[in-house]
Amino acid sequence: MNIVILTGAGISAESGVPTFRAADGLWEGHRVEDVATPQAFRRNPTLVQQFYDQRRAHLGQVVPNAAHHALARLEAAWPKGNGFDFLLVTQNVDDLHDRAGHNHLVHMHGELNSALCTRCGAANPWRRPLLDNPPCPACRQPGGLRPDIVWFGEMPYHMDRIETALAAADLFVSIGTSGAVYPAAGFVAQAKAAGAHTLELNLEPSAGTPLFDEARHGPATQLVPAWVEEVLAAG
């Protein structure tokens, strides 16, 4: 059986990572248009660098929760090859899935702990501030690094791999996502078209809930470990 799992902000919220957008439409006190678009970076690079520097620093204060660990346990136990496969796709830019121990993981919206050079195109592991315009480790030119984050208007990463996995999926599970941000919001339809069973695990019904074969609602730290235990018990 091939499993594709999509995770969003809801799975990290219980670790203390702020969700993508609050009820007032602001992202941690800022308009999305001011911190999450290429135009915003050109207009006010200082504000954008400060915003992501703060978010990157905050990662050191949070840890993976029971939902992250349960998915890592499922990946480790899942057979690979001979018609079995596993892919975890996350919309999150935090590193909590990585720290939980995943190996079959793609960050479709980039990573806070990575810096992208606008001059040479290299992606560099990065944990320090970018506000002081450090040189790129690859090309050594200063002032060209930006957060390696997929902003609105930019193409998500790893789409070929994701679409290939969805086309072969037997089970698609969406965890902690709003069902409103494309292209991820369209993954359930792609998986269903391939014949997969689809399951939503979310704090509350999402915009995409009617598209799923099955939906369970409640905290991720409760729902995800319980579901993983079901899957592992079923063999």
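What you see as residue numbers is a count from 1 along each chain, following the sequence as written. At least 70 in pLDDT is required for a residue's local features to be given in this predicted model, at least 80 for side-chain atom pairs to be given and counted, and no such filter applies to totals for whole chains, interfaces and linings, which use all residues. With hydrogens and water stripped out, all remaining heavy atoms of the structure feed into the side-chain values.

Caption draft 1: Summary view of the UniProt feature "active site" (unreviewed entry) in the protein. UniProt tags His-109 as "active site" (unreviewed entry). Numbering of helices and strands starts at the N terminus; helices are DSSP runs of H or I of at least 4 residues and strands are runs of E of at least 2. For His-109, the location among the structural elements is in the loop between strand E5 (105–107) and strand E6 (110–117). Here's how the labels work: a residue is buried when its accessible area is under 20% of the maximum for its type, exposed when over 50%, partly exposed in between, all with a 1.4 Å probe on protein chains only. Relative accessible area serves as the criterion here: at 15%, His-109 is assigned to the buried category. Contact between two residues is taken to exist if any of their heavy atoms lie within 4.5 Å; hydrogens are not considered. Beyond its immediate sequence surroundings of up to four residues, His-109 is in contact with Thr-90, Gln-91, Val-93, Asp-148, Ile-149, Val-150 and Pro-156. A distance of 3.2 Å separates a polar atom in the side chain of His-109 from the backbone oxygen of Gln-91. UniProt positions are given in the numbering used here, feature names are shortened, and annotations may be inferred rather than shown by experiment. Identification of polar contacts relies on pairs of N or O atoms within 3.5 Å, with a donor-acceptor requirement for protein atoms, meaning one able to donate a hydrogen and the other able to accept it, and with residues adjacent in sequence counted only if both atoms are side-chain atoms.

Caption draft 2: Quick peek at the domain arrangement of the protein. In this entry, domain limits derive from an automatic or database-based domain assignment. Domain boundaries assigned for the protein yield domain 1 (1–17 + 65–109 + 156–234) and domain 2 (18–61 + 114–149). Its C-alpha centre places domain 1 at a distance of 26 Å from the equivalent point of domain 2. The interface of domain 1 with domain 2 comprises 10 residues on the first partner and 10 residues on the second. Buried area is a sum: the accessible area each of two parts loses on coming together, probed at 1.4 Å, counted once for each and added. When the two sides are added together, the surface that domain 1 and domain 2 hide from each other amounts to roughly 840 Å², 57% of it contributed by carbon and sulfur. When the buried surface of domain 1 facing domain 2 is broken down by residue, Val-17, Val-93 and Tyr-157 rank first, second and third, together holding 47% of it. Notably, a salt bridge pairs Arg-127 with Asp-95, separated by 3.9 Å at the nearest N-O pair. Counting across the interface, domain 1 meets domain 2 through three residue pairs in polar contact (both at pLDDT 80 or more). Among the residues forming the side of domain 1 that touches domain 2, the class breakdown is five nonpolar, two polar and three charged. Here a salt bridge means any side-chain nitrogen of Lys or Arg lying within 4 Å of a carboxyl oxygen belonging to Asp or Glu. In this classification, Asp, Glu, Lys and Arg are treated as charged, Ala, Val, Leu, Ile, Met, Phe, Trp, Tyr, Cys and Pro as nonpolar, and every other residue, Gly included, as polar.

Caption draft 3: Region of the structure containing the UniProt feature "binding site: Zn(2+)" (unreviewed entry) in the protein. UniProt marks Cys-117, Cys-120, Cys-136 and Cys-139 with the feature "binding site: Zn(2+)" (unreviewed entry), using the numbering shown here. A maximum C-alpha distance of 8.6 Å places the annotated residues, which cover 23 residues in sequence, within one compact spot. Tracing the backbone through its elements, the reader meets Cys-117 in strand E6. Not counting chain neighbours up to four residues away, the residues in contact with Cys-117 comprise Ala-122, Cys-136, Cys-139, Gly-144 and Leu-145. Counting through the fold element by element, Cys-139 comes out in the loop between strand E7 (123–125) and strand E8 (145–149). When sequence neighbours within four positions are dropped, the list of residues in contact with Cys-139 reads Cys-117 and Cys-120.

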